[in-house]
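Listed here are the chains, written in short residue letters.
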Amino acid sequence: MTFRKILSVSVIASTLFISCKDNSNKDSYEQPEKPKQEVVESEKKQETKIDSATPTNKSESNNEQLQYICYTSDNDKNKRIWIELGEDGKANKVKYEGQKETIDLKYTKEEYSEGGAHPTITKYYDEIYKGEVNGTYTLIHSGVWDYVTYTRGRDGKEFNYTIDHEKDPYGNRPCF
């Protein structure tokens, strides 16, 4: 009976050893390299699949890719806005949560300053409401931080907002 157990264990161990050895040899064989053209074509197909599966928001007028940044008021966390950016990185529209319509923005100037961990880009816009300048927006971008200061035209009162990193920053859809 002891001899039978030893023989059984030996047969099982041999079988496992041989079967493992065959699998390890299969893995060590190199597969022939695909020609570069095939690799590029398969990557393009993959990109096309990804692009077609990813929802996008494009401007109706010129078919450009839009991006949205959601901001929260520095003084009242319940007040939010989003700003729509075109492919050129310039703001097109702003919308306040609770409002039905967007407000157009008109680019006026830009300032760039080095220093710190990241350069700071400051862009200035006029708020155009019913064809008139109603106020100004100052958008500041540095690293992953974005800030907005809105100065109301009629009384000069300022409102400050900071990017809301919880609400899909730099997304392709508005946050509300």
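So, here's what we can say about the structure. All of these numbers come straight from a predicted model, not from anything done at the bench. (Residues numbered from 1 in each chain as written. Predicted model: local features only at pLDDT ≥ 70, side-chain atom pairs only at ≥ 80, totals over all residues. Heavy atoms only, no water.)

A word on the pairing of strand 4 (residues 103–113)
- Pairing analysis gives two bridges linking strand 3 (residues 91–96) to strand 4, with the strands arranged antiparallel. Along strand 4, the bridge assignment pairs valine 94 with isoleucine 103.
- The antiparallel hairpin formed by strand 3 and strand 4 contains six residues in its connecting segment, where glycine 98 sits at a positive phi of about 100°.
- With antiparallel pairing between neighbouring strands as the criterion, strand 4 and strand 5 (residues 120–129) make up a hairpin whose turn holds six residues, including glycine 115 at a positive phi of roughly 115°. (Pairing = 2+ DSSP bridges. Helix = DSSP H or I, 4+ residues; strand = E, 2+ residues; numbered from the N terminus.)

Digging into the sheet that holds strand 4
- Here eight strands make up a closed barrel; going around it, the order is 1-2-3-4-5-6-7-8 and the pairing antiparallel. The average angle at which neighbouring strand axes cross in this sheet is 30°, direction not considered.
- Bridge count between strand 7 (residues 145–152) and strand 8 (residues 158–163): five bridges; the pairing is antiparallel. Bridge pairing in strand 8 links tyrosine 150 to phenylalanine 159. (Axes fitted to C-alpha atoms, helices over the stretch in contact; angles between N-to-C directions.)

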